[in-house]
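Architecture at a glance
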Amino acid sequence: QVQVVESGGGLVQAGGSLRLSCAASGRTFSSYGMGWFRQAPGKEREFVAAIWRSGGSTYYSDSVKGRFTIFRDNAKNTVYLHMNSLKPEDTAIYYCAATLVPLSTLPRDYGYWGQGTQVTVSS
């Protein structure tokens, strides 16, 4: 099993940057792929980015490609989401999750979720 806790959310102006962190517990962190999802009020949970075990493979949604970067530090049991050029439509609760399915975009493939961190982008 793995437990994950997100941090780093906050309020930022449009065009700004923010880095989210997701700290995981357990000795098997490097065995899991990790993903970031987000959910805005009244909308379904949306895939943002995924990274596979060693960090060599990543995948992004079209809406964030070129602006967001996912990376991980297995020595620190942490995965990050660096967000640049933020837009008001990026406002959402951002969730980190762990999976054994390579680079999955489906929430149902992720068995372990954090509680989320709020990101608000003002115009």
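You'll find the structure just up there.
The following paragraphs examine the structure supplied in this document. (Residues numbered from 1 in each chain as written. Predicted model: local features only at pLDDT ≥ 70, side-chain atom pairs only at ≥ 80, totals over all residues. Heavy atoms only, no water.)

Time to look at the overall build of the protein chain. Across its full length, the protein chain carries zero helices and eleven strands. Along the protein chain, from the amino end to the carboxyl end, the secondary structure elements read β-β-β-β-β-β-β-β-β-β-β. The C-alpha radius of gyration computed for the protein chain amounts to 13 Å, which stays within 12% of the reference 14 Å derived for 123 residues, consistent with globular compactness. Dimensions of the protein chain, computed from C-alpha atoms along their principal axes, come out at roughly 40 × 25 × 25 Å. The contacts in the protein chain between residues at least 6 apart in sequence include a share of 58% that link residues at least 24 apart. Of the accessible surface of the protein chain, which amounts to about 6200 Å², a share of 48% is contributed by carbon and sulfur atoms. Within the protein chain, one finds 12 positive and 8 negative side-chain charges whose respective centroids are separated by 6 Å. (Helix = DSSP H or I, 4+ residues; strand = E, 2+ residues; numbered from the N terminus. Rg over C-alpha atoms; globule rule 2.2 N^0.38 Å. Contact = heavy atoms within 4.5 Å. Areas by Shrake-Rupley, 256 points an atom, 1.4 Å probe, with all protein chains shown as cover. Lys, Arg positive; Asp, Glu negative; His and termini not counted. Charge placed at Lys NZ, Arg CZ, Asp CG, Glu CD.)

This part covers the state of the cysteines. Across all of its chains, the model carries one disulfide by this definition. There is a disulfide in this structure between cysteine 22 and cysteine 96, and the S-S distance comes to 2.0 Å. Classification of the bridge connecting cysteine 22 and cysteine 96 rests on its S-S torsion, roughly -75 degrees, and on that basis the disulfide is left-handed. Residue cysteine 22 is found in strand β3 (residues 18–24), and its partner cysteine 96 is found in strand β9 (residues 92–99); the two are separated by 74 residues along the sequence. Residue cysteine 96 is classed as buried on the basis of its relative accessible area of 0%. (Disulfide = S-S within 2.5 Å. Buried < 20%, exposed > 50% of the residue type's maximum accessible area, 1.4 Å probe, protein only.)

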